[in-house]
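# Fold and geometry: a report
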Amino acid sequence: MSGQISFFKSVENYVDKAAAFTDIPKGLVEQIKACNLVLQIRFPVRVGNDYQVVEAYRVQHSHHRLPTKGGIRYAESVDQDEVMALAALMSYKCALVDVPFGGAKGGIKINPANFTVEQLQSITRRYTTELIKKNFIGPGIDVPAPDYGTGPREMAWILDTYQAFRHGEIDSIACVTGKPVTQNGIRGRAEATGRGVFYGLRECMSHEDDMKKLGLSKGMAGKTMVVQGLGNVGSNAALISQQEGDVKIIGVAEREGSIHGANGIDIEKLLEFRKKTGSIIGFPGTTHIGDAGAALELECDILVPAALENQITSANAAKIKCKIIAEAANGPVSADADPILLQKGIMILPDFYINAGGVTVSYFEWLKNLSHHRFGRLENRFQHNAFGGILDKVEEMTGKQVGARDRDFLTRGGTEIELVNSGLEDTMITAYQQIRETFKQHPDISDVRTAAFVCSLKKIASDYISMGIFP
Ligand code: NAD
């Protein structure tokens, strides 16, 4: 926490700032900002011969679209304010990228490293049971997903627990997303948030006039990047930006400290090194430059904080020397740091845009689960045969042969991963174009975060206005 205002209050402040650029009635803005349902849970877990009380939450921020959707976080930092703020960000995120869900979030206040796998399974199943008891989970109600400290393993436990209680419910597999692919998950979900960070950055950096204002040439290739946090989001954002965007990663931070490698750090090799040694420190070709905060202060083009909130605060904002911050984590820039960074001319791609890839592909997984078949399964062979027939006719009429590679490309339906990635790419590009359009319409808006909030607010307000109020 920045020490001044809470995370939830800071989200509210951003919304108020954006609302001033709209004609949404004041009372409706208050309704949009409010968290509709807050569930606070306490339950015991067996630790050796003793008990430990576990504190947990689930917050449904907005019901303007259903189900609500949002990850579950396992971290010691979890408290009600944090979960409320993250749930609110989910509402704005879903609206921004046209994912038809309301926002939600869950959190369990534990450090997973302090528990055995069996204990983590008990905690996850008990938490799920509490959600079921309170009607806080279900394919049409509220659909959790992974977040900090959780992953496909926990999502599979949640699914299994839900199905034990809702035996025979035909859509039960859509009660949670981010599941292992073998447990009704979808290919591409694990890397979706990091991949979305890459697509968002690539789109943003493709606009020459915008980049000129930052003193950068257009495009990602050759630009320097620093990443904080090599978990699900950070490692994939770094890996994909390096492999597909040709960026040069010159700094990495993890819990154990920060490393600098002016000639570039091979992320794939660094991940292997950390797996083997348990640390990024000592990776060949890099120098250890200090604690986990040190890398944030390295001079670079793109800074990707991908760990937790409040990593850039008023205490270190003046020392940040990048051109673009891509908020891969939720809330990595505190409210008091935001104006300092903007004053320095740094462009901030806000969390609820740049990390929206996860919920986008979760939406695809939910659609797959509700349709009970893998994308492409029904139509791929038909397409292959139909397009093959057309090519045969073209060959017959022209007397020319289509090459084997071209024939393969032209007749092949997309695989699941190809369809997922293209849907994600389109989503990130379209949302950025909407934000840019808002900039054009409002020359008085000076930062991407405010423009993005204006886009989201207008969409949510329009839902409320067209729905009316019950009763
Ligand atoms: P994760 O648990 O997989 O990884 C987090 C990583 O950050 C871990 O490797 C951890 O060791 C590291 N870390 C913790 N404190 C650090 C510090 N001070 N400095 C450097 N590294 C530190 O979590 P994740 O799923 O990658 O989530 C990271 C962030 O992205 C969170 O803010 C989360 O809310 C957000 N996010 C995640 C998803 C998703 O799909 N997983 C989607 C949207 C947003």
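This is a predicted model, so every value here is computed, not measured.

So, on to helix α1 (residues 7–19). Side chains that are three or four residues apart share a direction in an α-helix, a result of its 3.6 residues per turn. Between its first and last C-alpha, α1 extends 18 Å over 13 residues, near the 18 Å set by a 1.5 Å rise per residue. Buried residues of α1: F7, F8, S10, V11, E12, Y14, V15, A18 and A19, and no others. At its buried positions, α1 is contacted by α2 (26–33), α3 (80–96), α10 (338–343) and α16 (448–467).

Another point: the state of the cysteines. Under the criterion given, the structure shown has 0 disulfides. The closest cysteine sulfur to the non-disulfide-bonded C175 is located on C94, 17 Å from its own sulfur. The thiol of C204 is not disulfide-bonded; the next cysteine sulfur, from C322, is found 12 Å away.

On to the sheet that holds strand β8 (residues 257–260), then. If you trace the 7 strands from one edge of the open sheet to the other, you get β9-β8-β7-β6-β10-β11-β12, paired in mixed fashion. Of all strands in the sheet, those bounded by a partner on one side alone are β9 (287–290) and β12 (347–349). When strand polarity is set aside, the average angle formed by the axes of neighbouring strands in this sheet is 20°. Note: strand β11 (residues 324–326) against β12, 3 bridges, orientation parallel. Pairing of I324 across the sheet is with M347, part of β12.

To continue, consider the packing of α1 against α3. For the pair α1 and α3, the least separation of the axes is 7 Å and the interaxial angle reads 30°. Classed by the angle they form, the pair α1 and α3 counts as roughly parallel. Of α3, the residues touching α1 (which contributes F7, F8, V11 and V15) are D81, E82, M84, A85, L86, A88, L89 and Y92. Taken together, the residues of the contact of α1 with α3 sort by class into 10 nonpolar, no polar and 2 charged.

Right, let's get into the packing of aromatic side chains. The description of an aromatic ring pair rests on the distance of the ring centres and on the angle between the ring planes. Per the stated rule, a full pass over the model turns up 10 aromatic pairs. Ring geometry for Y92 versus F453: centroids 5.3 Å apart, planes at 70°, classification edge-to-face. Residue Y92 is found in helix α3, and its partner F453 is found in helix α16; the two are separated by 361 residues along the sequence. Taking relative accessible area as the criterion, Y92 reaches 1% and is therefore assigned buried. Residue F453 is classed as buried on the basis of its relative accessible area, which comes to 2%. Plain terms: the ring middles of F198 and Y199 are 5.6 Å apart, the flat faces sit at 40° to each other, and that makes the pair tilted. The residues F198 and Y199 share a single accessibility class, namely buried. Every member of this aromatic cluster is reached through a ring pair, and the members are Y14, Y92, F352 and F453. A cation over a ring is seen here: R46 above Y51, with NZ or CZ 4.6 Å from the ring centre. Its guanidinium or amino end placed over the ring of Y14, R449 lies 4.5 Å from that ring's centre, counting from NZ or CZ.

One recurring pattern in soluble globular proteins: nonpolar side chains tend to sit buried together. Within the largest apolar cluster, 96 residues are counted, with the highest numbers of intra-cluster contacts made by Y92, L201, M205, M225, V252, L270 and I324. No other element matches α3, which puts 12 residues into this core. Residues within four places of L270 in sequence aside, it is in contact with L230, V252, I259, I265, I280 and F283. Residues L39, L131, I158 and Y162 belong to the second largest nonpolar core, which totals 26 residues.

Taken together, the side chains of F387, I390 and V394 define a hydrophobic patch exposed on the protein surface, amounting to about 250 Å² of accessible area. Tracing the backbone through its elements, the reader meets F387 in helix α13 (residues 380–398). Relative accessible area serves as the criterion here: at 36%, F387 is assigned to the partly exposed category.

Close to the ligand lie 23 residues, the nearest being R73, D147, T193, E254 and R255. When the ligand is considered free in solution it has 840 Å² of accessible area, and contact with the protein chains removes 88% of it. Elements represented by at least two residues in the shell around the ligand include exactly α8 (232–245) and β7 (248–254). Here the shell around the ligand is built from residues that sort into 9 nonpolar, 9 polar and 5 charged.

Rules of the game
Residues numbered from 1 in each chain as written. Predicted model: local features only at pLDDT ≥ 70, side-chain atom pairs only at ≥ 80, totals over all residues. Heavy atoms only, no water. Helix = DSSP H or I, 4+ residues; strand = E, 2+ residues; numbered from the N terminus. Expected span 1.5 Å × (residues − 1). Buried < 20%, exposed > 50% of the residue type's maximum accessible area, 1.4 Å probe, protein only. Contact = heavy atoms within 4.5 Å. Disulfide = S-S within 2.5 Å. Pairing = 2+ DSSP bridges. Axes fitted to C-alpha atoms, helices over the stretch in contact; angles between N-to-C directions. Parallel < 35°, antiparallel > 145°, perpendicular 65-115°, else oblique. Nonpolar A, V, L, I, M, F, W, Y, C, P; charged D, E, K, R; others polar. Phe/Tyr/Trp six-rings, centres within 6.5 Å; stacked < 30°, edge-to-face > 60°. Lys NZ or Arg CZ within 6 Å of the ring centre and 35° of its normal. Core = buried A, V, L, I, M, F, W, Y, C linked by side-chain atoms within 4.5 Å. Patch = residues over 30% accessible without salt bridge, like charges linked within 9 Å, V, L, I, M, F, W, Y side chains within 5 Å. Areas by Shrake-Rupley, 256 points an atom, 1.4 Å probe, with all protein chains shown as cover. Salt bridge = Lys/Arg side-chain N within 4 Å of Asp/Glu carboxyl O. Near = heavy atom within 4 Å.

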